[in-house]
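# Results of the structural survey
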Amino acid sequence: MFESELTRVLNIRYPIFQAPMAGGPTTPDLIAAVSNAGGLGNLGAGYLTAQQIRTAIQEIRQQTDQPYGVNLFVPEQPTESDETIAQMTNHLNFYRQKLGIPQSPMIQKSSESFEEQVQVLLEERVPVFSFTMGIPSQDVIQAMKKRGTFVIGTATTVDEAIRLEAAGVEAIVAQGSEAGGHRGTFLKDIPQSLVGTMALVPQIVDHVSIPVIAAGGIMDGRGLIASVALGASAVQMGTAFLASPESGAHEAYKQKLLTAHEDSTDITQAYSGKAARGVLTTFMTDMQCYTGKIPAYPIQNAMTRDIRQAAAKANNPEYMSLWAGQGLRLVNDHSAAAIVQETIAHANDLIQRLAIAGIVDDE
Ligand SMILES: Cc1cc2nc3c(=O)[nH]c(=O)nc-3n(C[C@H](O)[C@H](O)[C@H](O)COP(=O)(O)O)c2cc1C
């Protein structure tokens, strides 16, 4: 029923991608469970070292012989004035004091080496490589394709999708503004690029000739059917899998997700220096007075790491990043395989009901 050119080329049963979610949620257990259930599990490897990626790939392979994907962040090299960094260090010391951790720590490294990460993906011949926050060089895209890796980019506007297609990607994730986590935006400013999934997907579909994967606020069979109706070949669901037992999200984070609502999130740069959607926390509210003075990604991300880690240790979600989309009332703690199966069953049921109503022909 949901077979498409994309499911055939990827050799997956269902057009359901479990979103790559960097920072711990996408454990090998989660990825393998989704891939074994007929979807496509994806590792969010943006923050992992080359060796950690290799280990994770080996663990995924031990648990499934089905296809899976690995996702990276396209790197940026921002420069930030010493003054901005010093001011932020001072401000963050307030939270360090609250959490009882050392003041003004040395920041070791802002981000992992993209080149080394790419090298592992090439050596391991991963079935799918996806990326966000930009476009990698032609060398990287062509090297992946030469190894038989299927390449997917992320767009938040039609112009970004057109650029990605021209760069040679084979499918595009259309990330609507409902989506949890970091915005993949790379051309214009964030406010202009916050386009809802319902508006974004059909406009991207109309302007590219490669498959489009809808992302943002898709939580069940209704979201899947709606996305297919908009022209998408598959959906990418992140928030829906976050509270599953296989997800590596912190217990306090999972509990927040299970009780949060559609109006519980906001978009913030406070944790990482890059816009991302998450459940509103005390830290996000406090940091609003620093808007415009937050060091760019990945500097701010490195600067808040010790605070986020200490908060996680102390089970204090108010200083952790709780990335999540707007579909929060639809989150449940079912197993990853159940979420895939329920989404498909729900979608099939909807199609039958629409057929009975004479709206679609289910033949
Ligand atoms: C916790 C979390 C982490 C995320 N990390 C990544 C990531 O590493 N790479 C990426 O391309 N997208 C990432 N995303 C965005 C997802 O790919 C996807 O766009 C989003 O989850 C879809 O919206 P939804 O959360 O409403 O399903 C993340 C999303 C969440 C919720």
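Read on for an overview of the structure.

Scoring rules and cut-offs
Residues numbered from 1 in each chain as written. Predicted model: local features only at pLDDT ≥ 70, side-chain atom pairs only at ≥ 80, totals over all residues. Heavy atoms only, no water. Helix = DSSP H or I, 4+ residues; strand = E, 2+ residues; numbered from the N terminus. Rg over C-alpha atoms; globule rule 2.2 N^0.38 Å. Buried < 20%, exposed > 50% of the residue type's maximum accessible area, 1.4 Å probe, protein only. Contact = heavy atoms within 4.5 Å. Areas by Shrake-Rupley, 256 points an atom, 1.4 Å probe, with all protein chains shown as cover. Pairing = 2+ DSSP bridges. Salt bridge = Lys/Arg side-chain N within 4 Å of Asp/Glu carboxyl O. Near = heavy atom within 4 Å. Polar contact = N/O pair within 3.5 Å; in protein donor to acceptor, adjacent residues only side chain to side chain. Right-handed = clockwise from strand over helix to strand, strands pointing away. Axes fitted to C-alpha atoms, helices over the stretch in contact; angles between N-to-C directions. Left-handed = near helix turned anticlockwise from the far one by under 90°. Nonpolar A, V, L, I, M, F, W, Y, C, P; charged D, E, K, R; others polar. Phe/Tyr/Trp six-rings, centres within 6.5 Å; stacked < 30°, edge-to-face > 60°.

### Comments concerning the overall build of the protein chain
Scanning the protein chain from terminus to terminus reveals 14 helices and 11 strands. Expected size for 363 residues packed as a compact globule is a radius of gyration near 21 Å; at 20 Å, the protein chain falls within 12% of this value. Taking the principal axes of its C-alpha atoms as reference, the protein chain extends roughly 65 × 45 × 40 Å. In the protein chain, which comprises 363 residues, the share counted as buried stands at 55%. Put simply, 68% of the contacts in the protein chain that link residues at least 6 apart link residues at least 24 apart. Total accessible area on the protein chain is roughly 15,600 Å²; 49% of this is exposed by carbon and sulfur atoms.

### Quick word on the environment of V331
Following the sequence through the fold, V331 ends up in the loop between α13 (299–313) and α14 (336–356). The spatial distance from the C-alpha of V331 to the C-alpha of T259 is 8.8 Å, given a sequence separation of 72 residues.

### A closer look at the sheet that holds strand β11 (residues 276–279)
Spatially, β7-β11-β10 is the arrangement adopted by the 3 strands of the open sheet, whose pairing is antiparallel. Whereas interior strands pair on both sides, the edge strands pair on one side only; in this sheet they are β7 (181–182) and β10 (265–268). Looking at chain direction, β7 and β11 are connected through 2 bridges and run antiparallel. Bridge pairing links H182 to A276 in β11.

### Looking at the pattern of salt bridges
For the coordinates displayed, the defined rule picks out 10 salt bridges. The closest approach of N and O atoms between K256 and E318, which form a salt bridge, is 3.2 Å. Of this pair, K256 sits in helix α11 (residues 251–259) while E318 sits in the loop between α13 and α14; the two residues are 62 residues apart in sequence, bridging distant segments of the chain. Residue R353 is joined to D349 by a salt bridge in which the shortest nitrogen-to-oxygen separation is 3.5 Å. Here R353 and its partner D349 are both found in helix α14, 4 residues apart, which amounts to about one turn of the helix.

### Details of the site of the ligand
In the vicinity of the ligand, 22 residues are found, and the nearest of them are P20, N71, G217, G238 and T239. One of the backbone nitrogen or oxygen atoms of A22 is found 3.1 Å away from an oxygen atom of the ligand. Take G216: an N or O atom from its main chain is 3.4 Å from an oxygen atom of the ligand. Computed on the free molecule, the ligand has an accessible area of 590 Å², of which 97% lies beneath the protein chains in the complex.

### Concerning the environment of I359
The residue I359 is located in the segment after α14 in this model. On the accessibility criterion, I359 (60% relative accessible area) is exposed. As a C-alpha pair, I359 and Y271 span 88 residues in sequence and 46 Å in three-dimensional space.

### A few points about the side chain of T265
Within the secondary structure, T265 sits in strand β10. Not counting the four nearest positions on each side in its chain, T265 is found in contact with R277, G278, V279, L280, A324, G325, Q326 and L328.

### A short note on the pairing of strand β9 (residues 234–237)
With burial as the criterion, each face of β9 is covered, one bearing A234 and Q236 and the other bearing V235 and M237. As paired elements, strand β1 (residues 16–18) and β9 share 3 bridges and run parallel to each other. When the bridges of β9 are listed, Q18 appears paired with M237. Alignment of strand β8 (residues 212–215) against β9, held across 3 bridges, turns out to be parallel. Within β9, the residue paired with A215 across the bridge is Q236. Regarding topology, helix α9 (residues 221–229) serves as the crossover connection from β8 to the parallel β9, and that connection is right-handed.

### Overview of the packing of helix α2 (residues 28–36) against α14
Remark: α2 packs on α14, axes separated minimally by 8 Å, with the N-to-C direction vectors making an angle of 35°. The two elements α2 and α14 meet at a crossing, and its hand is right-handed. Together, L30, A33 and V34 of α2 and A336, A337 and V340 of α14 make up the contact between the two elements. Among the residues making up the contact of α2 with α14, the classes are represented as 6 nonpolar, no polar and no charged.

### Concerning the packing of aromatic side chains
Using the criterion set out here, one finds 8 aromatic pairs in the structure. Measuring from ring centre to ring centre gives 4.9 Å for Y271 and F283, while their planes differ by 35°; the resulting arrangement is tilted. Residue Y271 is located in the loop between β10 and β11, and its partner F283 is located in helix α12 (residues 282–287); the two are separated by 12 residues in the primary sequence. Of the two residues, Y271 and F283, neither departs from the other in class, the shared state being buried. Aromatic pair Y271 and W323: ring centres 5.5 Å apart, planes at 90°, arrangement edge-to-face.

### Description of the sheet that holds strand β4 (residues 128–132)
Reading across the sheet, the 8 strands line up as β1-β9-β8-β6-β5-β4-β3-β2 and stay open at both edges, with parallel pairing between neighbours. Edge positions in the open sheet fall to β1 and β2 (41–44), since each of these has one partner strand only. On average, each strand axis in the sheet is tilted by 25° relative to the strand beside it, whichever way the strands run. Looking at chain direction, strand β3 (residues 68–73) and β4 are connected through 5 bridges and run parallel. When the bridges of β4 are listed, L72 appears paired with F131. The strands touched by α2 are β1, β2 and β3; relative to β2, the strand with the most contacts, the crossing angle is about 160°.

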